[in-house]
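# What the coordinates show
The chain contents come next:
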Amino acid sequence: MNSTNGVIGSTGSQGPAFSRRDLLGAGLGVVLLTAAGAGTAHAAAPPAQRRAQAFLTAAMDAHPDHGPTRLAQSYTDQAGLFSTAFTYDNALAILALLAARTADGRERAVVLGDALLYAQQHDPVHDDGRLRQGYNVGPYTFYDGSRQPDGFVRADGSVNVGTQFGFTGTAVGDMAWAGIALSALARRTGERRFLGGAVRIGEWIERNGRTDEPLGGYKFGVNGADEKLPFTSTEHNTDLLCLFGRLARLTGERVWLARRARAEDFVMRMWEPDGGFFHTGTNDGVTVNKSPIPEDTQTWTHLALDSRAHARSLDWAARELAVLDHAGRRNSTVPAGQSYDGVTFSSASLLANEDAPIADSQPRPDRNGVWFEGTAHLALALRERRRRGDEARARRLLDSIERAQDLLGGGQTVGGRALPERAGVVSASSPLDTGFGFGYYPYRHVGATAWYLMAATRSNPLRV
């Protein structure tokens, strides 16, 4: 959910990249609402958490010459996405900064929240409350030699939509994440502007996502041409359980409970009782997609629903998607003497073609590449479930992520500036094929880092 936004064709100067949210059957979105009282003070936080927070700060300050209204650059420069700031990643950053429970974290979360509101209000084309998939937050020269000269806010006051990579669509999952982040700010600060922005997002989803197809729920969103996409994602509808539930509580309007129930009904239709897992969604509103089976629909559903009847989805993810990456693997990029365990992106990742790159000019995938964002999802969900052995399993996963922060992604930069030492979690231990047409790579990433902080501070993003 991610995007997390996964990346196709994103290393060096090899060519443009696209995110999972543009692709068939994708579903990553994620919602990080900070639980009241969760988290530890920045000064008292363990060193690994402080370094993760330092990375979020550096990503947010990557382009200081382009005004105070800004978003965080999602990936390090080496990913080849230049100054792209994904809406999803920035929503996560807001929630991770709030989870830190520090004055600086809160101030920075407010700055990012105000930037999302600014994007709502200053879109170059639309005035309906939508946010785009991604924005440019600093200047760069594109692969074709064309110059992108602006920061997040252009000279005419409009926001700088990520047109070079085609990040111009609007996904329900991205919108849900942003809405949850804004509602968290509304709760923490008491400022009505943040609730107003979240409500606009919810209303946009109701107008553009609601479907009366047999499987129901809320559909994927729209592409850059404002054409509705036919897919319906389990992950997106899981996100809406939190967003709509939060809006019901904050506004007192019961209509949000009815909308939440609609999303929940779709999620429950995706449950596979024989296997104990949730399917990814549907492409046509009639037929359930049986493959691939992603990790996030197993962990986020537990975080959102806290359902004992469906809690074995965590066991399915921990068992069926488990991977161990080390230098002895055929396509691993892990240095000699190191190893990382966790989970991969989907059932298809374990069957990736290791003889061919995921996209042109990209490295070949490692079937055992660890997806650190998803590994953090699982760690947090196990901590929430609290069954015997769950905390020990979660701690092993967090240890793997913290080791990766220490040892992987060295020498990477944001906005041409060196990062604080050992700061930020890479999205994957080695090149990883998601099975949805894109990959993750060993670049330090706002989304993976924010998810690690949520898991480390026991801050459930999907709790209403």
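Keep in mind the model is a prediction, meaning the values are calculated, not measured. (Residues numbered from 1 in each chain as written. Predicted model: local features only at pLDDT ≥ 70, side-chain atom pairs only at ≥ 80, totals over all residues. Heavy atoms only, no water.)

## As for the overall build of the protein
- Per the secondary structure count, the protein includes 12 helices and 16 strands.
- C-alpha extents for the protein along the principal axes are approximately 55 × 55 × 45 Å.
- When the 464 residues of the protein are sorted by exposure, 65% land in the buried category.
- Carbon and sulfur atoms provide 49% of the accessible area of the protein, an area that totals close to 15,500 Å².
- Considering the protein, the positive charge centre built from 50 side chains and the negative charge centre built from 50 side chains are found 6 Å apart. (Helix = DSSP H or I, 4+ residues; strand = E, 2+ residues; numbered from the N terminus. Buried < 20%, exposed > 50% of the residue type's maximum accessible area, 1.4 Å probe, protein only. Areas by Shrake-Rupley, 256 points an atom, 1.4 Å probe, with all protein chains shown as cover. Lys, Arg positive; Asp, Glu negative; His and termini not counted. Charge placed at Lys NZ, Arg CZ, Asp CG, Glu CD.)

## What about the confidence of the model for the protein?
- Averaged over every residue, the pLDDT of the protein is 91; residues scoring 70 or more account for 91%.
- Predicted confidence for residues 2-42 stays below pLDDT 50, and this span has 219 contacts to residues more than four positions away or in other chains. (pLDDT = per-residue confidence, 0-100. Contact = heavy atoms within 4.5 Å.)

## Remarks on the packing of aromatic side chains
- In the structure shown here, the tally under the stated rule is 26 aromatic pairs.
- Ring plane angle 80° and centroid distance 5.8 Å describe the contact between Phe345 and Phe438, whose orientation is recorded as edge-to-face. Separated by 93 residues along the polypeptide, Phe345 in the loop between strand E12 (339-343) and helix H10 (372-385) and Phe438 in the loop between strand E15 (432-433) and strand E16 (439-440) bring together distant segments of the chain.
- For Phe345, a relative accessible area of 1% translates into the label buried.
- Between the aromatic rings of Tyr441 and Tyr443, the centroid separation amounts to 6.3 Å while the plane-to-plane angle is 40°, which identifies the pairing as tilted. (Phe/Tyr/Trp six-rings, centres within 6.5 Å; stacked < 30°, edge-to-face > 60°.)

## What to know about unusual backbone geometry
- The step from Ser291 to Pro292 runs through a cis peptide bond, and the omega angle for that step is -5°.
- Secondary-structure assignment places Pro292 in the loop between strand E10 (281-282) and helix H8 (296-305).
- One non-glycine residue, Asp226, lies in positive phi territory at about 70°.
- A positive phi angle is found at Arg422, which is not glycine, with a value near 55°.
- If you trace the backbone, Arg422 turns up in the loop between strand E14 (417-418) and E15.

## Considerations on the pairing of strand E11 (residues 322-326)
- Only one face of E11 is buried, namely the one carrying Val323 and Asp325, since none of Ala322, Leu324 and His326 on the opposite face is buried.
- Strand direction decides the pairing type here: E11 and E12, joined by 5 bridges, are antiparallel. Each bridged residue has a counterpart across the sheet, and for Asp325 the counterpart in E12 is Tyr340. (Pairing = 2+ DSSP bridges.)

## Structural notes on the packing of helix H5 (residues 192-209) against helix H6 (residues 234-251)
- One way to put it is that H5 packs onto H6 with a least axis distance of 11 Å and a crossing angle of 130°. Of the possible angle classes, the one that applies to H5 and H6 is oblique. For the pair H5 and H6, the crossing hand works out as left-handed. Of H6, the residues touching H5 (which contributes Leu195, Ala198, Val199, Ile201, Gly202 and Ile205) are Leu240, Leu243, Phe244, Leu247, Leu250 and Thr251. (Axes fitted to C-alpha atoms, helices over the stretch in contact; angles between N-to-C directions. Parallel < 35°, antiparallel > 145°, perpendicular 65-115°, else oblique. Left-handed = near helix turned anticlockwise from the far one by under 90°.)

## Section: helix H1 (residues 47-60)
- Compared with an ideal rise of 1.5 Å per residue, which puts 14 residues at 20 Å, H1 spans 20 Å between its outermost C-alpha atoms and is within 8% of the ideal.
- Burial analysis of H1 places 10 of its 14 residues in the buried class, the great majority of the element.
- In this fold, the buried residues of H1 make contact with helix H2 (87-99), helix H3 (103-121), helix H11 (390-407), strand E13 (413-414) and helix H12 (446-456). (Expected span 1.5 Å × (residues − 1).)

## What about H6?
- An ideal rise of 1.5 Å per residue puts 26 Å on 18 residues; H6 measures up with 26 Å between its terminal C-alpha atoms.
- Of all the 18 residues making up H6, 15 are buried; the element is thus mostly covered by neighbouring parts of the structure.
- N-capping of H6 is provided by Ser233, with a side-chain oxygen placed 3.2 Å from the backbone N of Glu235.
- Gly252 sits one or two residues past H6 and shows a positive phi near 75°. (Polar contact = N/O pair within 3.5 Å; in protein donor to acceptor, adjacent residues only side chain to side chain.)

## Overview of the pattern of salt bridges
- Within the structure shown, the criterion is met by 33 salt bridges.
- Two residues, Arg51 and Asp406, come together in a salt bridge whose shortest N-O distance is 2.6 Å. On the criterion of sequence distance, the pair formed by Arg51 in helix H1 and Asp406 in helix H11 is long-range, its members being 355 residues apart.
- Since its relative accessible area comes to 16%, Arg51 is described here as buried.
- Sharing partners across several salt bridges, the network here consists of Asp61, Arg70, Asp104 and Arg108. (Salt bridge = Lys/Arg side-chain N within 4 Å of Asp/Glu carboxyl O.)

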